[in-house]
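# Close look at the chain arrangement
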Amino acid sequence: MDFPLTAPERAVKQIASMKGKLMATVLGRVETFEFTDLEKIKQAEQERGGVTVAVEECRKNNEIYDVEIRVRFDKAAALESHRGWIYNNESYLLDPKGNRIEQAGLEANLLDVNEVGLSYKFDLGDAKSPAGYKFIYKTPAAIIRIPVEFELKGIDLP
């Protein structure tokens, strides 16, 4: 964060006090969404605490599988200028034995005011289909704006 200030006169050796108020945008509690039957899934939706995750489909794309999802927040301006965090949300597959398979890539295919469409890429090795696999997606259930008042005292100047 940068706070551009007018420089005080050279004789000033210290800022006695600086007060202000800022708005902090913070993520709420993380919810886990689990989807099964990936081999035949179409438009499966789950909603928790103000966020809806929908798996549109799971399809083979050459040697990998794409799991296409949409993440929608109830509050219209939830993603406006800070949507970058959503690309770091945890997502993975569990194979029929419970082994975790990490995503091999990610592609955004929809960007809207309160919704993002994502296509996660997974390499299932020799598996002929995603039958028996589960898709796990974790995301904060809310994006909250909190006012924060601050005061800095005794700031020595060079």
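The structure reproduced in this document is the subject of the present report. (Residues numbered from 1 in each chain as written. Predicted model: local features only at pLDDT ≥ 70, side-chain atom pairs only at ≥ 80, totals over all residues. Heavy atoms only, no water.)

## Digging into the pattern of salt bridges
Enumeration over the complete set of coordinates arrives at 15 salt bridges. For Glu107, the salt bridge goes to Lys121, with nearest N and O atoms at 3.3 Å. On the criterion of sequence distance, the pair formed by Glu107 in strand 8 (residues 105–111) and Lys121 in strand 9 (residues 115–122) is long-range, its members being 14 residues apart. Overall, the relative accessible area of 42% leaves Glu107 in the partly exposed class. Taken together, the shared-partner salt bridges in this structure form one network comprising Lys42, Glu57, Arg59, Asp66, Glu68, Glu107 and Lys121. (Salt bridge = Lys/Arg side-chain N within 4 Å of Asp/Glu carboxyl O. Helix = DSSP H or I, 4+ residues; strand = E, 2+ residues; numbered from the N terminus. Buried < 20%, exposed > 50% of the residue type's maximum accessible area, 1.4 Å probe, protein only.)

## Concerning the sheet that holds strand 2 (residues 30–35)
Hydrogen bonds along the backbone pair up the strands of a sheet, which may run parallel or antiparallel. Judged by pairing direction, the sheet is antiparallel, and its four strands sit side by side in the order 2-10-6-7 without closing on themselves. Each having just a single partner strand, strand 2 and strand 7 (100–102) make up the two edges of the open sheet. Strand-to-strand twist of the sheet, defined as the mean angle between neighbouring strand axes without regard to direction, takes the value 30°. (Pairing = 2+ DSSP bridges. Axes fitted to C-alpha atoms, helices over the stretch in contact; angles between N-to-C directions.)

## What to know about unusual backbone geometry
One non-glycine residue, Gln43, lies in the positive phi region at around 55°. Relative to the helices and strands, Gln43 resides in strand 3 (residues 42–48). By relative accessible area, which is 53% here, Gln43 ends up exposed. Despite not being glycine, Asn62 shows a phi value in the positive range, around 60°. Exposure remark for Asn62: the relative accessible area of 64% places this residue in the exposed category.

## A closer look at the nonpolar core
By size, the foremost hydrophobic cluster in this structure holds 27 residues, and its most contacted members are Ile69, Phe135 and Tyr137. For this core, the secondary-structure elements that each account for two or more residues are strand 2, strand 4 (51–61), strand 5 (64–73), strand 9 and strand 10 (134–140). It is strand 5 that contributes the most residues to this core, five residues altogether. In contact with Phe135, other than residues within four places in its own chain, are Phe33, Glu34, Phe35, Leu38, Val55, Val67, Ile69, Ser91, Tyr92, Leu93, Tyr120 and Phe122. (Core = buried A, V, L, I, M, F, W, Y, C linked by side-chain atoms within 4.5 Å. Contact = heavy atoms within 4.5 Å.)

## Side note on the environment of Met18
When you line up the elements, Met18 lands in strand 1 (residues 14–27). Exposure remark for Met18: the relative accessible area of 22% places this residue in the partly exposed category. Remark: the alpha-carbon pair of Met18 and Leu124, spanning 106 residues in sequence, is separated by 56 Å. Setting aside residues no more than four positions away along its own chain, Met18 makes contact with Leu5, Phe150, Glu151, Leu152 and Ile155.

## Thoughts on the packing of aromatic side chains
For the structure shown, the criterion picks out four aromatic pairs. For the pair Phe122 and Phe135, a centre-to-centre distance of 6.2 Å together with 75° between the ring planes defines the contact as edge-to-face. Placement of Phe122 in strand 9 and of Phe135 in strand 10 is noted, with a sequence separation of 13 residues between them. Accessibility assignment for this pair places Phe122 and Phe135 in one class, buried. Seen from their ring centres, Phe135 and Tyr137 are 6.4 Å apart, and the 20° between their planes marks the pair as stacked. Across the pair, exposure class does not vary: Phe135 and Tyr137 are buried alike. One Lys or Arg, Arg48, reaches over the ring of Phe33 and ends 4.6 Å from the middle of that ring. (Phe/Tyr/Trp six-rings, centres within 6.5 Å; stacked < 30°, edge-to-face > 60°. Lys NZ or Arg CZ within 6 Å of the ring centre and 35° of its normal.)

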